[in-house]
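# Residue-level structural notes
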Amino acid sequence: MEINSIDDVNALNEYQKVKQIERIEKKIHRLSFVPASTCAGLIMWFFLSTWLNASWTPMNLLLIAIAIGSVGHSNVQRTDLLKQLFKLKYGE
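Residues numbered from 1 in each chain as written. Predicted model: local features only at pLDDT ≥ 70, side-chain atom pairs only at ≥ 80, totals over all residues. Heavy atoms only, no water.

## A closer look at the packing of helix H2 (residues 34-51) against helix H3 (residues 58-90)
Where H2 meets H3, the closest approach of the two axes is 9 Å, and the angle between their N-to-C directions is 170°. Taken as axis vectors, H2 and H3 run roughly antiparallel relative to one another. Every residue of H3 that contacts H2 at Val 34, Pro 35, Thr 38, Leu 42 and Trp 45 is listed here: Asn 60, Leu 63, Ile 64, Ala 67, Ser 70, Val 71, Ser 74, Asn 75 and Arg 78. Within the contact of H2 with H3, the residues separate by chemical class into eight nonpolar, five polar and one charged. (Axes fitted to C-alpha atoms, helices over the stretch in contact; angles between N-to-C directions. Helix = DSSP H or I, 4+ residues; strand = E, 2+ residues; numbered from the N terminus. Parallel < 35°, antiparallel > 145°, perpendicular 65-115°, else oblique. Contact = heavy atoms within 4.5 Å. Nonpolar A, V, L, I, M, F, W, Y, C, P; charged D, E, K, R; others polar.)

Pasting the structure below:
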C-alpha cells in the first residue's frame, strides 16, 4: 500500500488502531473463560476424589492454590488489557 498523503497516513493509523482494539477485545473474551473453566475443573476433581474416597493431602491444597493463582493472574491480565483498550478508544 502506497501512502501518498496525510489522509492516507491517518487512515492507516486508524486501521491499525481498530485492528489492535479487535485483538485486545478477543484476548479479553478468551480470558473471561478462565474462572469458569477453573471452577468446573475443581468441581470435577472434587467429585472424582470423593468418589474414589481419596484423603486430603498437601498436593490437594497445592492444586487449589494453583487454581486461585491462575484465576487471579487472568484477572490482572484482563485489567491491564481493559486499561489498554480504554486508552485506545478514548485517548490518554
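## Examining the packing of helix H1 (residues 6-31) against H3
For the pair H1 and H3, interaxial distance at closest approach is 10 Å and the crossing angle is 155°. Looking at the two axes, H1 sits roughly antiparallel to H3. Pair H1 / H3 crosses with left-handed handedness. On H3, the residues that touch Lys 17, Gln 20, Ile 21, Ile 24, Glu 25, Lys 27, Ile 28 and Leu 31 of H1 are Ser 74, Gln 77, Arg 78, Leu 81, Leu 82, Gln 84, Leu 85, Leu 88 and Lys 89. Looking at the contact of H1 with H3 residue by residue, the class counts come to eight nonpolar, four polar and five charged. (Left-handed = near helix turned anticlockwise from the far one by under 90°.)

## Some points on unusual backbone geometry
Phi is positive for Asn 53, which is not a glycine, with a value near 55°. By secondary structure assignment, the location of Asn 53 is in the loop between H2 and H3.

## Remarks on H3
Under the 1.5 Å per step criterion, the end-to-end length of H3 is 48 Å for 33 residues, consistent within 8% with the ideal 48 Å. For H3, the full list of buried residues reads Asn 60, Ala 67, Val 71, Ser 74, Leu 81, Leu 85 and Leu 88. For H3, the secondary structure elements touched by its buried residues are H1 and H2. Once H3 ends, the next one or two residues include Gly 91, with phi positive near 85°. (Expected span 1.5 Å × (residues − 1). Buried < 20%, exposed > 50% of the residue type's maximum accessible area, 1.4 Å probe, protein only.)

## Here we look at the nonpolar core
Of all hydrophobic cores here, the largest spans seven residues; its members are Ile 21, Ile 24, Ile 28, Leu 31, Leu 81, Leu 85 and Leu 88. Secondary-structure elements contributing two or more residues to this core are H1 and H3. It is H1 that provides the largest number of residues to this core, a total of four residues. Discounting chain neighbours no more than four positions away, the residues touching Ile 28 are Arg 78, Leu 81, Leu 82 and Leu 85. (Core = buried A, V, L, I, M, F, W, Y, C linked by side-chain atoms within 4.5 Å.)

## Comments concerning the confidence of the model for the protein chain
Per-residue confidence for the protein chain gives a mean pLDDT of 90; residues scoring 70 or more make up 96%. Of all the helices and strands in the protein chain, H1 carries the lowest mean pLDDT, 91, while H3 carries the highest, 93. (pLDDT = per-residue confidence, 0-100.)

## Description of the packing of aromatic side chains
Centre distance and the angle of the planes are the two values used to describe a pair of aromatic rings. Throughout the structure, instances matching the rule amount to three aromatic pairs. Their ring planes at 55° and their centres at 6.0 Å tell us that Phe 46 and Phe 47 sit as a pair that is tilted. Given the relative accessible area of 41%, Phe 46 is considered partly exposed. For Phe 47, a relative accessible area of 55% corresponds to the exposed category. (Phe/Tyr/Trp six-rings, centres within 6.5 Å; stacked < 30°, edge-to-face > 60°.)

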